[in-house]
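Here is what each chain is made of, one letter per residue.
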Amino acid sequence: MDMRSLFGSTDRPIVADGAWGTQLALRGLGSDIPEAWNLTHADQVAAIAADYATAGADIVLTNTFGGSAIKLGKAKLEGHDEINRVGVELSKRGAAGQASVVASVGPTGELIGLTSTLSEDDLRDVFSRQVAAILQGEPDGIVIETMADLTEARLALEAT
């Protein structure tokens, strides 16, 4: 299927949003992990999605890039998988039908066989948890991004 047909046009490029971390920092994100703002600063997160949609983005991402159980655990947010569902819901609220919402899944920081003691099954389970929470928010799609380890990218893809 031609991606452009999903956006109602075949005569122009599809435009995605920009740097979520930068926008959060401009709004005061300090040492918190960005995904924590889905629970503590929901209006700010939704406003970023709204700003990108208003600027003309066809695709607005979600504030879920670092929403894996591994990253949440390091930030003492273990068990808060709902951060991912809420991240999707906030982007959908902000985009308000003006843009498709695509959920972001980023790397865990674990490199299997190099710096990690986790197995592929462990990492697949981590991504499965994140994706399950993301799907509860009903995104239009999922993007697996910024992964340097192809094994980790494959495991994230298998979780979708």
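Here is what the cut-offs are and how they apply
Residues numbered from 1 in each chain as written. Predicted model: local features only at pLDDT ≥ 70, side-chain atom pairs only at ≥ 80, totals over all residues. Heavy atoms only, no water. Core = buried A, V, L, I, M, F, W, Y, C linked by side-chain atoms within 4.5 Å. Buried < 20%, exposed > 50% of the residue type's maximum accessible area, 1.4 Å probe, protein only. Helix = DSSP H or I, 4+ residues; strand = E, 2+ residues; numbered from the N terminus. Contact = heavy atoms within 4.5 Å. 1 Å grid on protein atoms, 1.4 Å probe; cavity = no way out; pocket = protein on both sides within 12 Å on 5 of 7 lines; lining within 4 Å. Points joined across faces, edges and corners; volume = space filled by probe spheres on them. Polar contact = N/O pair within 3.5 Å; in protein donor to acceptor, adjacent residues only side chain to side chain. Axes fitted to C-alpha atoms, helices over the stretch in contact; angles between N-to-C directions. Parallel < 35°, antiparallel > 145°, perpendicular 65-115°, else oblique. Left-handed = near helix turned anticlockwise from the far one by under 90°. Salt bridge = Lys/Arg side-chain N within 4 Å of Asp/Glu carboxyl O. Expected span 1.5 Å × (residues − 1). Arc of directions from axis to C-beta.

I keep staring at the nonpolar core and nothing clicks. Help me out?
Note on soluble globular proteins: their nonpolar side chains tend to be buried together. Grouped together as the largest cluster of nonpolar side chains are 33 residues, with contacts concentrated most on W20, V60 and F127. Secondary structure elements with two or more residues in this core: α2 (20–26), α4 (42–54), β1 (59–61), α6 (82–95), β2 (100–105), α7 (120–136) and α8 (150–158). Examining the composition of this core, we find that six residues originate from one element, α4, more than from any other. Ignoring sequence-local partners within four residues, the contact set of V60 consists of D17, W20, A49, Y52, A53, S91, A95, A99, S100, V101 and V102.

Explanation requested: the layout of surface pockets in the structure shown.
To find the voids left in a structure, one rolls a probe of water-molecule size over its atoms. The computed volume of the largest pocket comes to approximately 220 Å³. Lining the largest pocket are 17 residues; nearest its centre among them are W20, G21, E35, N63 and F65. Residue contributions to the lining of the largest pocket peak at three residues, all from α2.

Would you take a moment to explain the side chain of S104 for this structure?
Within the secondary structure layout, S104 lies in strand β2. There is a polar contact of 2.4 Å between the side chain of S104 and the side chain of E145. Those residues in contact with S104 that lie beyond four places of it in its chain are T62, T64, F65, Q130, I134, V143 and E145.

Just to check I follow, could you spell out the packing of α4 against α6 for this structure?
In helix packing, the relevant descriptors are the interaxial angle and the interaxial distance, both defined with respect to the helix axes. As a packed pair, α4 and α6 sit with axes 7 Å apart at the nearest point and diverge in direction by 50°. Between α4 and α6, the interaxial angle falls into the category oblique. The element α4 and its partner α6 pack so that their crossing is right-handed. Contacts from A42, D43, V45, A46, A49, A50 and A53 of α4 reach α6 at L90, S91, R93, G94 and A95.

Would you mind going over unusual backbone geometry with me for this structure?
Across the chain, the bulk of peptide bonds are trans and the bulk of non-glycine residues have phi less than zero. For E138, which is not a glycine, the phi torsion comes out positive at approximately 60°. According to the relative accessible area criterion, E138 is exposed, its value standing at 57%.

It is not clear to me how the pattern of salt bridges should be interpreted in this structure. Could you clarify?
Close approach of charged atoms allows side chains with opposite charge to pair. Under the defined criterion, the tally for this structure stands at 10 salt bridges. Between E158 and R154 there is a salt bridge, with its nearest N and O atoms 2.9 Å apart. Taken as a pair, E158 and R154 lie in helix α8 at a separation of four residues, close to a single helical turn. We classify E158 as partly exposed; its relative accessible area is 41%. By relative accessible area, which is 33% here, R154 ends up partly exposed. Overlapping salt bridges bring together E120, D121, R124, R154 and E158 as one network.

For this particular structure, what's the right way to read α7?
For an α-helix, the turn length of 3.6 residues means that residues three or four places apart are oriented alike. Compared with the 24 Å implied by 1.5 Å per residue over 17 residues, the 24 Å span of α7 between its first and last C-alpha is a close match. Within α7, burial applies to L123, V126, F127, Q130, V131, A133 and I134. Taken down its axis, α7 places every buried residue within 160° of arc, on the same side. Against α5 (69–74), α6, β2, β3 (141–144) and α8 lie the buried residues of α7. For α7, the N-terminal cap is S119; the gap from its side-chain oxygen to the backbone nitrogen of D121 is 3.3 Å.

I'm lost on the environment of L39 in this one. Help?
Within the fold, L39 resides in helix α3 (residues 37–40). Taking the C-alpha atoms as reference points, L39 and I83, separated by 44 residues in sequence, lie 6.7 Å from one another. Those residues in contact with L39 that lie beyond four places of it in its chain are H80, E82, I83 and V86.

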